[in-house]
Amino acid sequence: MSEKFGVKVEDIFNTMEERFRPEGAEGVDASFGYDISGRGRWKLTVKDGSMKIEQTDDLGGCAAVIQADADTFVGVNIGKVDGTAAFTSGKLSVDGDVGAFGTTAKLFKRFTPPKKELTVGEYVLDMFGTLEARFQTGAAEGLDITIGYDIGGEEGGQWTARIKDGKCTVTEELVPSPSLTMIMKAKDWVELMLGKVDAVNLLTTGRAKVEGDMNLATKLGELFAKYTAPGEEEEEEQELLVLKKIISVNQKFATGPVMGKYLNGLKEKKILANKCRECGRMQVPPREVCALCRIRCDEFVEVGPKGNVRLLDTAYYASPDPLTGETRETPYGLIYILLDGCSGQEVFAHFLRDDQLDRIEMGWNEKKGTIVRPVWAEERTGKVADIKYFEIDE
Amino acid sequence: MGNRVAICAMAQVKNEPNVWYQRFQGMLLDCLEPILQQTGVTYDTDKGIRNIVTCSDDVFDARTISDNGMTDVVGAHFRGEEKTAQDGLNGLGYAMACILSGHDDVVLFMGHCKESQTESRNMSTNLAYDPFFCRPVGMDFLNVNAFQARAYMEKAGVTDEHLAEVVVRSRENAAMNPFARESGKVTKEDVLNSPFLADPIRELHAYPVTDWAVGMLLCCEERVKEFTDNPVWITGFGNCMDRYFVGDRDLTSNFSLKKACEKAYGMAGIKDPKSDVDVIELSDAYAHQLPMLAEGIGLAGEGQGGKWIESGGPAKANVNLSGGMLNGNPIMLGGVARAVEGYIQLRGEAGDRQVDGAKRALAHGTTGGACQHQTVLILEK
């Protein structure tokens, strides 16, 4: 196969029945032959609004026989090659009744090639194969640089783009000390080029590295046109804009007596739970009511300060602290702790000391997790951060 | 099945400028407990509350899906809960529909809003508008209502003096309402000299920042005696959404209010609100809206708002004896505060401001800039 349009000659014939339009076959009573050089011969018979296609060397009795090479035949069928031009240039010829052959145009719906998902390796090859073509001369004025691409993994490879005198040459090698080198795995590179992941994400999570001139890195988007996968028609550019806005309205939150008592407790290095006087369960941090018993919870009990870890999750994307607007360093560990004095699901969430992420064992049912203790801030003002984090009790 | 829905109980906290000492959760709890006490209603899923309608606003609560902040407090866990993010009067209409459909016997309604929580009410209502055009030109409910005020004052011969009278009367009435915000009495001169916020709206023409919470228990006709001997009946409800873009609307036509009234009046059998309704409560967030809304519900003639004020129209028709929204109720709950006054009046519990023999009340609520969405609820004894 390997017709240049990615469609086989057989695909055209094998889909004829499903593409057949009986309304276009009205009054047609004839056979047509297809002689595709190097691929074989097919005979199409149309009668009484139905059709039959068979691969056969016997094209006897056909009103017309078309002759073409595979690329031309496929190209005409999928609309990539102009049929009239192919006919006049002789790439496609018809033996017999040319007029009768014209009626076949109405017999079928247009063949649409199924979308093919490329493998990572195929994408990588296509992306670097098209890099020169995507080069934007206008943005490269005065530049004399080399960009290295170190794409790891089995499906990766190494490339260098040399940009000089408004020209871009891509070679399959990594030259010594390029102006800028991008290092990542093939899968990440493909996702980046397809817009499925953004560069900042890759960089902050350590999945990509950039060495050399960082300013140059920010200009890459101008130096090369966006990659489009083969077969994906380039859509006409529309006047679509995206506006960036920060929505910010300052707020102040009253604590009320319940949350107020809890937060004030933190100042005194006390962790307070409130206990439902009906069902006895503990809530930490305390809430106005026990939602199960639907009564106010006004009995406060000091719990902890130690407890055992029930769950640990490692956060790679931090939401900013709502009170300070600051974003936490990642990765960090968020733990559910069953504080001493609490039981069952009465867990409490806080941070884990940064360097102890891989030393935590989680507990469940009767099994205790790693015992942890709070590390208190020097200056405590009645907020969650009065406990800096929990650390292993050792 | 009966075709009326009763309000069996109501409880509220006092309207205040800044409830700095409590979360809204605590405010709601202060409303819920008296309701449970007064009625003896339980959360039994056969016989008690199995559906709760709440009213709150995401931006004012600074919490997306704002009802999640207090479902525990209102007892909503393990049963139905639905949130109204419009004037809470629509929540009462929704609760009514739940009962009339036979889906529920008993529905609890709980609403809260702490306007003081946001540093700027205007910045919050600015977010009601689209990010491309209306927000960048600074539209918020204040200056969009100023458009309306300008247009309406022209149309109906309403003057700065008229508006001052409306404000003075609002504050006087509120002084007789123990749950009203203590905004203080003012003189006409005070109003006429108060600074412009958005000409022609002066500071004293605009409802002040207010925190409030309220709850009501609604029930079907058959079971009302289980909960109260003194029910107030919901006999009419209507609402209507007008166009969003301010430029698409005649801001003074009361279009959506008239539609809402048609529906509510038809349901309650009201022919002429002037003679058929004893107590009228309008959500006048801004002073010019009192005469304008009075036109909309058919109390004042079209374009006659100025004359209506001059002739003592508001007092004659018992309009906003509570003090009205103008004295201070939070956004989202203006209409519910109106229904609360209707409820209190019809039960004969309004003290110094009681309308003798009040049998029918009209409560009005509105959502959006320049009264885009309008709601009317009719209550009867």
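Residues numbered from 1 in each chain as written. Chains lettered and ligands numbered in written order. Predicted model: local features only at pLDDT ≥ 70, side-chain atom pairs only at ≥ 80, totals over all residues. Heavy atoms only, no water.

**Some points on the overall build of chain B**
In step 1: Scanning chain B for helices and strands turns up 13 helices and eleven strands.
In step 2: At 19 Å, chain B has a C-alpha radius of gyration in line with the 21 Å of a compact globule built from 381 residues.
In step 3: Taken over the C-alpha atoms alone, chain B extends approximately 55 × 45 × 35 Å along its principal axes.
In step 4: Burial statistics for chain B: of 381 residues in total, 65% are counted as buried.
In step 5: Counting contacts in chain B only where the partners sit at least 6 residues apart, residues at least 24 apart contribute 77% of the total.
In step 6: If you sum the accessible surface of chain B, you get close to 13,600 Å²; carbon and sulfur atoms cover 52% of it.
In step 7: Across chain B, the centroid of the 36 positively charged side chains sits 3 Å from that of the 51 negatively charged ones. (Helix = DSSP H or I, 4+ residues; strand = E, 2+ residues; numbered from the N terminus. Rg over C-alpha atoms; globule rule 2.2 N^0.38 Å. Buried < 20%, exposed > 50% of the residue type's maximum accessible area, 1.4 Å probe, protein only. Contact = heavy atoms within 4.5 Å. Areas by Shrake-Rupley, 256 points an atom, 1.4 Å probe, with all protein chains shown as cover. Lys, Arg positive; Asp, Glu negative; His and termini not counted. Charge placed at Lys NZ, Arg CZ, Asp CG, Glu CD.)

**Regarding the sheet that holds strand 10 (residues 360–367) of chain B**
Residue and element names in this part refer to chain B.
In step 1: Strand order in this open sheet of nine strands is 3-2-4-7-1-8-11-10-9, and the pairing throughout is mixed. Every interior strand has two partners, whereas the edge strands, strand 3 (80–84) and strand 9 (279–281), have only one. Direction aside, the axes of adjacent strands within the sheet are offset by 25° on average.
In step 2: One ladder, built from seven bridges, connects strand 1 (residues 5–12) with strand 7 (residues 211–220); its direction is antiparallel. Opposite Gln 12, over in strand 7, you have Val 214 as the bridge partner. (Pairing = 2+ DSSP bridges. Axes fitted to C-alpha atoms, helices over the stretch in contact; angles between N-to-C directions.)

**Observations concerning the pattern of salt bridges**
In step 1: The final tally for this structure, using the stated rule, is 39 salt bridges over all chains.
In step 2: Two residues, Glu 54 of chain A and Lys 52 of chain A, come together in a salt bridge whose shortest N-O distance is 3.9 Å.
In step 3: The exposure class assigned to Lys 52 of chain A is partly exposed, which follows from its relative accessible area of 49%.
In step 4: Two residues, Asp 242 of chain B and Arg 243 of chain B, come together in a salt bridge whose shortest N-O distance is 3.1 Å.
In step 5: Classification of Asp 242 of chain B by relative accessible area gives buried; the value is 8%.
In step 6: A cluster of three or more residues bridged by salt bridges with shared partners is formed by Lys 306, Arg 353, Asp 355, Arg 373, Glu 391 and Asp 393 of chain A. (Salt bridge = Lys/Arg side-chain N within 4 Å of Asp/Glu carboxyl O.)

**A word on the packing of aromatic side chains**
In step 1: Enumeration over the complete set of coordinates arrives at 18 aromatic pairs over all chains.
In step 2: Relative to Trp 159 of chain A, the ring of Phe 128 of chain A has its centre 4.0 Å away and its plane inclined at 5°; by these criteria the two rings are stacked. Of this pair, Phe 128 of chain A sits in helix 6 (residues 120–129) while Trp 159 of chain A sits in strand 7 (residues 157–164); the two residues are 31 residues apart in sequence, bridging distant segments of the chain. We note that Phe 128 of chain A, like Trp 159 of chain A, is buried.
In step 3: Relative accessible area serves as the criterion here: at 5%, Phe 128 of chain A is assigned to the buried category.
In step 4: Chaining the aromatic ring pairs together yields one cluster made of Phe 13, Tyr 34, Trp 42 and Phe 73 of chain A.
In step 5: The ring centre of Tyr 43 of chain B lies 4.4 Å from the NZ or CZ of Arg 294 of chain A, which sits over that ring.
In step 6: The lysine or arginine in question, Arg 121 of chain B, covers the ring of Tyr 207 of chain B, its NZ or CZ lying 3.7 Å from the ring centre. (Phe/Tyr/Trp six-rings, centres within 6.5 Å; stacked < 30°, edge-to-face > 60°. Lys NZ or Arg CZ within 6 Å of the ring centre and 35° of its normal.)

**Description of the interface of chain A and chain B**
In step 1: Counting from both sides, the interface comprises 21 residues of chain A and, opposite them, 35 residues of chain B.
In step 2: Counting the surface lost from both chain A and chain B, the interface buries some 2,200 Å², and carbon and sulfur atoms represent 57% of this.
In step 3: Considering only the surface of chain A that becomes buried against chain B, Glu 288, Arg 294 and Arg 296 of chain A emerge as the three largest contributors, covering 28% of it.
In step 4: Counting every contact that joins chain A to chain B gives three salt bridges.
In step 5: With its nearest N and O atoms 2.8 Å apart, the salt bridge here joins Glu 33 of chain B to Arg 296 of chain A.
In step 6: In this assembly, chain A and chain B are joined by eight residue pairs in polar contact (both at pLDDT 80 or more).
In step 7: A total of three residues in the side of chain A that touches chain B trace back to one element, the largest contributor, which is helix 10 (residues 256–267) of chain A.
In step 8: The residue inventory of the side of chain A that touches chain B, partitioned by class, reads ten nonpolar, five polar and six charged. (Buried area = accessible area lost by both parts, 1.4 Å probe. Polar contact = N/O pair within 3.5 Å; in protein donor to acceptor, adjacent residues only side chain to side chain. Nonpolar A, V, L, I, M, F, W, Y, C, P; charged D, E, K, R; others polar.)

**A few points about unusual backbone geometry**
In step 1: Following Val 284 of chain A, the chain continues to Pro 285 of chain A via a peptide bond in cis, the omega torsion being 0°.
In step 2: Note that Pro 285 of chain A resides in the loop between strand 12 (282–283) and strand 13 (289–290).
In step 3: Backbone torsion omega between Asp 199 of chain B and Pro 200 of chain B reads 15°, so that peptide bond is classified as cis.
In step 4: At Ala 370 of chain B, a position not held by glycine, the phi torsion is positive, near 50°.
In step 5: With respect to the secondary-structure elements, Ala 370 of chain B resides in the loop between strand 10 and strand 11 (373–380).

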